[in-house]
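Geometric and topological summary
The residues making up each chain are set out below.
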Amino acid sequence: MQRPESVPLQDAELVIFDWDGTLVDSRGVIVDTLRASLQEVGLPALPDRELQQVIGLGLQEAIEALVPHADPPTRDRLREAYGRRFQSYRATDMPFFPGAAEGLEALAAEGRALAVATGKSRRGLDRMLMEWGLEERFQATRCADETCSKPDPRMVHELLEETGVAPERAVLVGDTAFDMEMAYRAGLHRVAVTYGVHEPERLAPWAPHALADSFPEVLDHLGCEGLESEPAQGYN
């Protein structure tokens, strides 16, 4: 049976967003929390750039990538320390990138279905949505602690099933190779933002359909008008 052709980006019915590094500028908070947590449990310090590279993974997968030789009890202590420390931050400590909040509103006004696929915990994402007053903005959300972590495509498959949208009519917007690989494996269009965690050369192997240097450029690729492009204050 022949697979249906994908629609143009401008006609995508469902837009799935990564959270950290795509919608909100949380890099500093995450890196600071990881650094302090490593120190608390007595593990060697790691360069900030190395800590930054795991943003986007579920916490368990991020810890395994950062300290692969640590024993399970140490990893458990690190995970507890990170969760406790991260809870001290508020949503306002991790502001939206320029144009992102307005862009979500503009996309919703066009009748697009919006979703989130994130490495955050369910408790963490729900707290952010509540503090920003965005509980009703997204039709569906998935977090790493309730399904498989990126780059496994299961998170996307579940979002597609919940929203009733076929993969060829959806697009994923993200800033990491984990996002791009997940979307590639799920058969989705991919918009890679270059102001986030991973450099363009890390995103390129997963053949994104478009690159965006700012959130207004994301909207341009999606055919959503109303915001002028201006460079985001990126990580790199």
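Note that the coordinates shown come from a computational prediction; the quantities given were computed from them, not determined experimentally.

Reading guide: rules and limits
Residues numbered from 1 in each chain as written. Predicted model: local features only at pLDDT ≥ 70, side-chain atom pairs only at ≥ 80, totals over all residues. Heavy atoms only, no water. Helix = DSSP H or I, 4+ residues; strand = E, 2+ residues; numbered from the N terminus. Rg over C-alpha atoms; globule rule 2.2 N^0.38 Å. Buried < 20%, exposed > 50% of the residue type's maximum accessible area, 1.4 Å probe, protein only. Pairing = 2+ DSSP bridges. Axes fitted to C-alpha atoms, helices over the stretch in contact; angles between N-to-C directions. Contact = heavy atoms within 4.5 Å. pLDDT = per-residue confidence, 0-100. Salt bridge = Lys/Arg side-chain N within 4 Å of Asp/Glu carboxyl O. Expected span 1.5 Å × (residues − 1).

Along the protein, the regular secondary structure elements total 10 helices and 6 strands. Relative to the globule expectation of 18 Å for 236 residues, the C-alpha radius of gyration of the protein, 17 Å, shows essentially globular dimensions. With the C-alpha coordinates aligned to their principal axes, the bounding extent of the protein is approximately 50 × 40 × 35 Å. Classification of the 236 residues of the protein by burial places 53% in the buried group.

Right, let's talk about the sheet that holds strand 5 (residues 189-193) for a bit. With respect to topology, 6 strands assemble into an open sheet ordered 3-2-1-4-5-6, the strand pairing being parallel. The sheet is open, and its two borders are formed by strand 3 (140-143) and strand 6 (210-212), each paired with just one other strand. Between one strand axis and the next, the sheet turns through 20° on average, direction left out of account. As paired strands, strand 5 and strand 6 are joined by 3 bridges and run parallel to one another. Within strand 6, the position partnered with A192 by the bridge is L211. Helix-sheet contacts for helix 7 (residues 154-163) involve strand 1 (14-17), strand 2 (113-118), strand 3 and strand 4 (170-174), and the interaxial angle to strand 3 is about 160°.

Right, let's talk about the confidence of the model for the protein for a bit. Close inspection of predicted coordinates is inappropriate in any region flagged by low pLDDT. Mean pLDDT over the protein stands at 91; residues scoring 70 or higher make up 92%. Across residues 229-236, where pLDDT falls below 50, the model places 34 contacts with residues more than four positions away in sequence or in other chains.

By the definition in use, this model includes 21 salt bridges. Its salt-bridge partner being R90, residue E131 comes within 2.4 Å of it at the nearest N-O pair. Within this pair, whereas E131 is found in helix 6 (residues 122-132), its partner R90 is found in the loop between helix 4 (72-86) and helix 5 (100-109), the two being separated by 41 residues in sequence. Relative accessible area serves as the criterion here: at 27%, E131 is assigned to the partly exposed category. Assessed through its relative accessible area of 41%, R90 is described here as partly exposed. Of the charged contacts, one joins R127 and E131 as a salt bridge, the two residues approaching to 3.4 Å between their closest N and O atoms. Separated by 4 residues within a single helix, R127 and E131 lie in helix 6, roughly one turn from each other. Given a relative accessible area of 10%, R127 falls into the buried group. It is possible to trace a salt-bridge network through shared partners that takes in E40, E80, R84 and R85.

Attention shifts here to helix 4. Between its first and last C-alpha, helix 4 extends 21 Å over 15 residues, near the 21 Å set by a 1.5 Å rise per residue. Buried residues along helix 4 sit in contact with helix 1 (27-40), helix 3 (59-66) and helix 6.

Along the polypeptide, E61 turns up in helix 3. Owing to a relative accessible area of 30%, E61 belongs among the partly exposed residues under this scheme. Considered as a pair, E61 and E199 are 138 residues apart in the sequence and their alpha carbons are 20 Å apart.

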